[in-house]
Amino acid sequence: MNVPDPLKGATATEDETSRELQEICQNVDQNTGTTKKQKWNRVQKMTLMTLALVNFSASACFALQAPFFPREAEKKGASHTAIGMVFGAFSFVILISSLIFGKLITRVGAKFMFCCGLFVVGNSTIMFGFMDLCPGGWVFVGMCIAVRSVEGLGCSMAITAISAIVASLFPGEVGLVMVCRDGYGM
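Residues numbered from 1 in each chain as written. Predicted model: local features only at pLDDT ≥ 70, side-chain atom pairs only at ≥ 80, totals over all residues. Heavy atoms only, no water.

### With respect to the overall build of the protein chain
Cut-off, in case you're wondering: Starting at the N terminus, helices and strands are each numbered in turn, a helix being any DSSP run of H or I of at least four residues and a strand any DSSP run of E of at least two. Throughout this description, buried means an accessible area under 20% of the type-specific maximum (1.4 Å probe, protein chains only), exposed means over 50%, and partly exposed covers the range between. All accessible areas in this document rest on Shrake-Rupley with a 1.4 Å probe, and a residue is counted as covered only by the protein chains that are shown.
Across its full length, the protein chain holds seven helices and two strands. Listing the helices and strands of the protein chain from first to last along the sequence gives β-β-α-α-α-α-α-α-α. Within the protein chain, the proportion of its 186 residues that are buried is 33%. Accessible area for the protein chain stands at about 11300 Å²; split by element, carbon and sulfur atoms hold 67% of it.

### A short note on the pattern of salt bridges
Stated precisely, the cut-off is as follows: Within this document, salt bridges are pairs made up of a side-chain nitrogen of Lys or Arg and a carboxyl oxygen of Asp or Glu, the two lying within 4 Å of each other.
Applying the stated criterion across every chain, the model contains two salt bridges. A salt bridge links E72 to K75; its shortest N-O distance comes to 3.5 Å. In this pair, E72 and K75 are both assigned in helix α3 (residues 69–75), three residues apart and thus about one turn of the helix distant. Where R148 meets E151, a salt bridge forms, and the shortest distance between an N and an O atom there is 3.0 Å. Of this pair, R148 and E151 both sit in helix α6 (residues 138–169), three residues apart, which is roughly one turn of that helix. Of the two residues examined, R148 and E151, each falls in the buried class.

### Observations concerning helix α4 (residues 80–108)
Where we set the bar: Here, expected helix span is obtained from the residue count minus one, scaled by 1.5 Å. Note on bend: at a given residue it equals the angle between the axes fitted to the 7 residues ending there and to the 7 starting there. Two residues qualify as a contact provided that any one of their heavy atoms is within 4.5 Å of a heavy atom in the partner residue.
The end-to-end C-alpha distance of α4, which contains 29 residues, comes to 40 Å, matching closely the 42 Å that a straight helix rising 1.5 Å per residue would cover. The largest bend in α4 amounts to roughly 35° and is located at G102. The secondary structure elements touched by the buried residues of α4 are α2 (42–63), α3, α5 (110–129) and α6. Among the residues trailing α4, G109 stands out with phi positive, at a value near 95°.

### Re the environment of G137
With respect to the helices and strands, G137 occurs in the loop between α5 and α6. For the pair formed by G137 and G77, sequence separation is 60 residues and the distance between their alpha carbons is 5.2 Å.

### Focus on the packing of α5 against α6
We apply this condition: Helix axes use the C-alpha atoms of the stretch in contact, all axes being lines fitted to C-alpha atoms, and the angles between their N-to-C directions lie in the range 0 to 180 degrees. If an angle is under 35 degrees, it is roughly parallel; if it is over 145, roughly antiparallel; if it lies from 65 to 115, roughly perpendicular; otherwise it is oblique. The sense of a crossing depends on the near helix, which, turned anticlockwise from the far helix by less than a right angle, makes the crossing left-handed and, turned clockwise, makes it right-handed. Under the grouping applied here, Gly and all other residues not named as nonpolar or charged are polar, the nonpolar ones being Ala, Val, Leu, Ile, Met, Phe, Trp, Tyr, Cys and Pro and the charged ones Asp, Glu, Lys and Arg.
Contact pair α5 / α6: the axes reach a minimum separation of 7 Å and the direction vectors enclose 155°. One element, α5, and the other, α6, form an angle in the roughly antiparallel class. Where α5 crosses over α6, the two elements pack in a sense that is left-handed. Looking at side-chain class alone, the contact of α5 with α6 contains 19 nonpolar, five polar and two charged residues.

Laid out in structure tokens, this is it:
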């Protein structure tokens, strides 16, 4: 029987899976049932720092537009409701697409999804920077919503992949690592 491997997108044999489970079980204290603390290796530390930086950047993509975008949008003739729709599109797309990407991650792999997400969010952020060249009115609002929606897709891909990578690299300390990642990112 083959078991999906979320990092590779392929399948692992039962022998590989049972070997990994044995390694995890060896790190469990038999008296308390808790995981024994181990030192993180260099790869784990570098991965955590990279993931925290990506999480910070994803948060910045959401937050950095708040100080300047409403003024620029009003200059282009956008209403306050339309400005709110541009802000909300990002979060709404993340909410919906993260469910879909969570299902797809076992097929495409976490590393591939992570890289694609970073590519999409980076390019859409650059595209959003050129929205001042777009004509005003509803064309401007529609383009902003479209670009922010694509940016939300990329961010959702990256965040979903980060969760799978953390669960794979830190099997006994997922909660601690997620707090560290979110603490640095927020």
